[in-house]
Structures are given as structure tokens and as C-alpha cells.
Amino acid sequence: MTPPTTQLPLYQLAHGRAGDKGNTSNISVIAWDQACFDVLVAQATEAKVAEWFGYRHPTKVTRYVLPKLKAMNFVLEGILDGGVNDALNLDTHGKGLSFWMMDMPIAVSQDLAQKLTVREYSQTV
């Protein structure tokens with residue numbers, strides 16, 4: 001029997017950074033610990049990230065897994081409306097996209113959710 005899971009936003013399992021170059025955004029996801037990293041490797045796939053950013057119409061998503069750092073780097077091509085100099089919208093920088101990435105829902109076990117909730121609370125006190 002599969003243990004019950006709950007959905008948490010990715011930011012409860014990791015932090016991130018992002019940058020851009022031309023029409024490409026680079027988003028790093030750095031897990032809080034090994035348990036979080038294992039869940040993220042299984043669920044934060046190229047396909048899921050491409051779907052999550054579907055409204056931006058990426059032409060390609062590539063994931064680089066960095067196990068020694070408990071991190072992943074996602075390169076999203078064709079996602080910035082042509083880049084800073086070509087786009088007509090006000091925010092064409094890829095830096096802001098890490099905030100959207102951090103909201104992506106991730107299914108976690110009840111045990112891990114409990115640990116992450118306790119951690120989040122203890123970091124704010």
C-alpha cells in the first residue's frame with residue numbers, strides 16, 4: 001500500500017536562484033537536505049517543469065542533476081519573449097522566474113511534510 005502524500009510548494013523543499021542570457025533562463029533548485037533532494041529528483045523532471053512554465057512556451061527544458069550539491073539546474077530556452085532587448089513586456093529578465101518555479105507543487109509523504117513544517121516554523125521563531 002502506498003503511503004498517503006500531500007502537496008507542498010517546491011520552496012518548502014528547496015531554495016532557488018535564476019538568471020538569464022538572451023532568450024534563455026537558468027533556474028537552480030538547491031534542496032534543503034538529502035530527503036528533499038530525492039523527492040525533487042523524482043518529481044521536478046524536465047517534462048513537469050516544461051508543463052509548469054507552459055504559459056511561457058519554452059522551446060526546450062534541460063535538467064542538470066548535481067548530486068554532490070543536492071541541486072539541479074534547469075535551462076529553459078525560448079522562454080523570455082526574445083530577451084531583454086527584444087521583448088515588449090516589462091519584465092523580460094529570467095531572474096523572476098525562480099519565484100514561479102518555487103511555487104510548483106510537489107507530492108511528499110506525510111512524514112516529510114511534518115518535518116518540513118516543523119523546520120519552517122523553527123526557522124521563523
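Everything below is about the structure shown above.
Residues numbered from 1 in each chain as written. Predicted model: local features only at pLDDT ≥ 70, side-chain atom pairs only at ≥ 80, totals over all residues. Heavy atoms only, no water.

Here we take up the overall build of the protein chain. From N to C terminus, the protein chain includes 4 helices and 6 strands. Counting from the amino terminus, the protein chain carries its helices and strands in the arrangement β-β-β-α-α-β-β-α-β-α. With 125 residues in all, the protein chain has 35% of them scored as buried. Considering only intrachain contacts with a sequence separation of at least 6, the fraction spanning at least 24 residues in the protein chain is 67%. Only carbon and sulfur atoms are counted for the fraction: they give 56% of the accessible area of the protein chain, which is about 7400 Å². (Helix = DSSP H or I, 4+ residues; strand = E, 2+ residues; numbered from the N terminus. Buried < 20%, exposed > 50% of the residue type's maximum accessible area, 1.4 Å probe, protein only. Contact = heavy atoms within 4.5 Å. Areas by Shrake-Rupley, 256 points an atom, 1.4 Å probe, with all protein chains shown as cover.)

The next point concerns the environment of Ile 27. You can see Ile 27 is positioned in strand β3 (residues 24-31). Residue classification places Ile 27 among the buried positions, given a relative accessible area of 0%. Note: C-alpha distance between Ile 27 and Arg 63 (36 residues apart in sequence) is 9.5 Å. Other than its neighbours up to four places away in sequence, Ile 27 contacts Arg 17, Ala 18, Phe 53, Met 72, Asn 73, Phe 74, Leu 76, Leu 97, Ser 98 and Met 101.

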